[in-house]
Amino acid sequence: MSEELLRCHPSIIVENTLRTAIALLIILFFWVRSLDMPYIVGLAVPLVVLIAFHYRQWKLTFIRFGETDIVVERKTLFKLKKTIPYSRIASVNINRGVINRLFGTSKLIININSGYNAVKPEASLTFEQRFADRMCEEISRRINCAEMPSFGEEVEPLVQFTTADVILHGLFSVPTYQSILGAFFLANSVIEQYRSTITQAGADLGGSLISLFMFFLLTVLPAVRHMIYYYGFKVYRKGDTIFLQHGLIRLYNISFNISRINAIKVKNTLVSRLLGRSCIEAEVVGIGSDDGRGTTRPLISILKDDAITQRLFVELVPEFIYEGEAEKQPDGARSVLIGRTIIASAVLIAVMAYPSMLAYERFASGGNGIVDAMLPYAFPLLTALAIIAIVYSVSVSLRVREMDTGERLFTFVNGILDRETVVMSYDKVQMVHVIRGPLARRFGVASAKVFLLSSTGTSSMSSGLFREDGLERICEIVMERATRGRR
Amino acid sequence: MNETSVNEERPAEEYRRLNKKCMLSMYINNAITYAILLTAFLLLLTFVPQLQEPAFGPVIMLASAGMVLLLIYLIAGPKIYYDRYRYIITADKVDVRYGIVILRHILVPIERVHQVEVSRGPVNNMLGLANVNITTAGGVATISYLELDEAEKIAERLNDLINRMLRDRE
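Residues numbered from 1 in each chain as written. Chains lettered and ligands numbered in written order. Predicted model: local features only at pLDDT ≥ 70, side-chain atom pairs only at ≥ 80, totals over all residues.

1. Quick notes on the overall build of chain A
Next up, step 1: Helices and strands together make up the secondary structure of chain A, namely 14 helices and 21 strands.
Next up, step 2: Split into buried and exposed, the 487 residues of chain A put 34% on the buried side.
Next up, step 3: Partitioning the contacts of chain A with sequence separation of at least 6, the portion at a separation of at least 24 is 63%. (Helix = DSSP H or I, 4+ residues; strand = E, 2+ residues; numbered from the N terminus. Buried ≥ 20, exposed ≤ 12 C-beta atoms within 10 Å, placed from the backbone. Contact = placed C-beta atoms within 7 Å.)

2. What to know about the overall build of chain B
Next up, step 1: Scanning chain B for helices and strands turns up 5 helices and 6 strands.
Next up, step 2: Helices and strands in chain B line up, N terminus first, as α-α-α-β-β-β-β-α-β-β-α.
Next up, step 3: Here the C-alpha atoms of chain B give a radius of gyration of 21 Å, more than 25% beyond the 15 Å that 2.2 N^0.38 yields for 170 residues.
Next up, step 4: The principal-axis extents of the C-alpha atoms in chain B amount to approximately 75 × 40 × 30 Å.
Next up, step 5: Taken across its 170 residues, chain B has 22% of its residues classed as buried.
Next up, step 6: For chain B, the proportion of contacts with a sequence separation of at least 24, taken over those separated by at least 6, is 49%. (Rg over C-alpha atoms; globule rule 2.2 N^0.38 Å.)

3. Comments concerning the domain arrangement of chain B
Residues and elements named next belong to chain B.
Next up, step 1: Each assigned domain of chain B is listed here: domain 1 (21-82) and domain 2 (87-169).
Next up, step 2: Taking the mean C-alpha position of each, domain 1 and domain 2 sit 32 Å from one another.
Next up, step 3: Contacts between the two partners involve 9 residues from domain 1, matched on the other side by 7 residues from domain 2.
Next up, step 4: Those elements that provide at least two residues to the side of domain 1 that touches domain 2 are α2 (21-47) and α3 (57-84).
Next up, step 5: Ranked by the residues each element gives to the side of domain 1 that touches domain 2, the list is headed by α2, at 6 residues.
Next up, step 6: Of the residues in the side of domain 1 that touches domain 2, the class split is 5 nonpolar, 3 polar and 1 charged. (Domains from an automatic or database assignment. Nonpolar A, V, L, I, M, F, W, Y, C, P; charged D, E, K, R; others polar.)

4. Digging into unusual backbone geometry
Next up, step 1: One non-glycine residue, Tyr145 of chain B, lies in the positive phi region at around 50 degrees.
Next up, step 2: Examined against the element boundaries, Tyr145 of chain B turns out to sit in strand β6 (residues 139-147).

5. A short note on the domain arrangement of chain A
Next up, step 1: Along its sequence, chain A is carved into domain 1 (5-144), domain 2 (166-228), domain 3 (337-394) and domain 4 (401-486).
Next up, step 2: The distance between the C-alpha centroids of domain 3 of chain A and domain 4 of chain A comes to 36 Å.

6. A look at the sheet that holds strand β3 (residues 69-74) of chain A
All names here are of chain A.
Next up, step 1: In space, the 4 strands of this open sheet follow the order β1-β2-β3-β4, with antiparallel pairing throughout. Only two strands of the sheet have a single partner each, and these edge strands are β1 (5-6) and β4 (80-85).
Next up, step 2: Pairing of β3 with β4 involves 6 bridges; the strand directions are antiparallel. Looking at the pairing, Glu73 lines up with Lys81 of β4. (Pairing = 2+ DSSP bridges.)

7. Focus: the packing of α2 of chain B against α3 of chain B
Residues and elements named next belong to chain B.
Next up, step 1: Interhelical geometry of α2 versus α3 gives an angle of 170 degrees and a closest axis separation of 9 Å. Between α2 and α3, the angle is such that the two are roughly antiparallel. Along the contact surface, α2 presents Cys22, Met23, Met26, Tyr27, Asn30, Tyr34, Leu38 and Phe41, while α3 presents Ala63, Met67, Leu71, Leu74, Pro78, Lys79, Tyr81 and Tyr82.
Next up, step 2: Each residue belonging to the contact of α2 with α3 can be placed in one class, and the counts come to 14 nonpolar, 1 polar and 1 charged. (Axes fitted to C-alpha atoms, helices over the stretch in contact; angles between N-to-C directions. Parallel < 35°, antiparallel > 145°, perpendicular 65-115°, else oblique.)

8. Looking at the interface of chain B and chain A
Next up, step 1: Every contact between the two is made by 27 residues of chain B and, on the other side, 28 residues of chain A.
Next up, step 2: If you list the elements that add at least two residues to the side of chain B that touches chain A, you get α1 (5-9), β3 (103-109), β6 and α5 (148-169) of chain B.
Next up, step 3: Of all the elements, β3 of chain B adds the most residues to the side of chain B that touches chain A, at 7 residues.
Next up, step 4: For the side of chain B that touches chain A, a count of residues per class yields 14 nonpolar, 6 polar and 7 charged.
Next up, step 5: Examined bridge by bridge, strand β18 (residues 429-436) of chain A and β3 of chain B share 5 bridges and lie antiparallel to one another. What sits directly across from Val434 of chain A, in β3 of chain B, is His105 of chain B.

9. What about the sheet that holds strand β5 (residues 129-136) of chain B?
Two orientations exist for strands paired in a sheet by backbone hydrogen bonds: parallel and antiparallel.
Residue and element names in this part refer to chain B.
Next up, step 1: If you walk across this open sheet you meet the 3 strands as β4-β5-β6, and the pairing is antiparallel. In this open sheet, the two edge strands, each paired with only one partner strand, are β4 (113-119) and β6. Along the sheet, successive strands turn relative to each other by an average axial angle of 20 degrees, direction set aside.
Next up, step 2: As judged from the 7 bridges shared by β5 and β6, these two strands associate in the antiparallel manner. Residue pairing across strands places Thr135 opposite Val140, the latter belonging to β6.

10. As for the environment of Glu361 of chain A
Next up, step 1: Looking at the element boundaries, Glu361 of chain A is found in helix α10 (residues 331-363).
Next up, step 2: A sequence separation of 15 residues divides Glu361 of chain A from Pro376 of chain A, and the C-alpha atoms of the two residues are 7.4 Å apart.

This is the structure in structure tokens:
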């Protein structure tokens, strides 16, 4: 490592200016009525100020890769000196956006192992591509204390992920409840269109467009985002490091040490389960990036056939495999869940009774078409559907929810429509809550909430209803291992 | 399975209880909360004429019943909270048990504690009470309504334990 003071690549001025200028242009687009001289000046002045500001910021920001730490120093009006010791760095990654590709640069993203800074990287530095790659390699070597393969090396991935896999992942990894809500908005949009165009009943066309927009927002947009983000997905493991590469517009090169993984989740949505596909998500700290993707947990496998996912699990994260026998929720849980169903249904009926009567009186005169004929019964129908959904979720919960406590690891299996199996390490547990409501106390069961450090700051995993001593066992093992580790 | 078997295995004297002043603090806080809610409710009834229409009668009745239930909860809650609150700090862990309707058992290994903070709101300040907020990388656990001296002692003790642990590690 050299001790000399470096500056980021000047393209950072363009990148930062563009980001703010686009926001400025959008505001002006809605505000400016004509392209008269005063408006052009009004547009040009802030743009020049912006460029000058970012130029000064670039000129006065220095980076030093020292022997023990990285120092980022900004000598502008708002001074900043950030020292990042190598020993505290959790991961170092490389991102390449469109501007980076145009200028032949890369963004070096440095994350530390901290809950508070989990979402935003500690430093995001733009350098000429080759230099960034070299620094990434150097820093990785220092933090892992071993020879590290670089992203540039040709490594045969464990499994080939095709474009079709990425498309299927985009389509079917959207949570089922979100898809159902999207479908509801789509149906509403179609009905409104039908009423306004076919029956000429004067339905609200604006409502139809809003519904269509909501459908787009809830279903289409996340699917397209996933397809763009995970395009060209590759995963491999070298030594104790997992490497991920993907992205269509922005290229993501992510690497993290296996010891940074706090939990592994095998997940599937309703449709992906029907297709026999599941994906693997890792709860890793310190892989945030500054483009908002820091809020996303990394997938180490996108939706792929269950058998292949299992193979990937074994080959990528064997540390999270253990022999165990999962425990189903006991009889007490059945009684609690049935009790909760009865109470929830009774409250729902009580709350919906009066609006149902009002709706019946209001729409009893009827109207044109099936929709108008259904309106008087809409609330009772919705109530009945909600009660069916509650009963269904209870029956599925009894069938699906499991828990298992091993010596090193423990597992929660959760989910009604979308399922997830979470394997956690006791050594990564930060805090445990054992929770007992009045019904649960009556039937001798409890649920647990386990708090972990995660890529989004903190996260908690909840269990189903199990015998309290089983859940307290988790607390005991966490304590036992923490004490033993200290000795 | 006996629901409290694990609790019963532990000698009760190990756990510490709160000072009775905590109930007063909770009553004052609850009274302020309820007064704000009641004022908002009455203002809505007075200044929104639509709410006086007969169609809204059942809704108003439901909301009034909710206000009565809330009042009962706010009156009965502090006593139950005080009776159930237990905490213990050992060399290894912070263990807190509390709850009014839903009971919680919180366990924080000392090993995971990052920061300890003593905080006081205006009511607690008036009564000489304080909360100890124990921050881990996974969230914050709080020991509430402690006497100020006790809170300071706990914070100091936790800091000592953490420092000793860090020294041992070196």
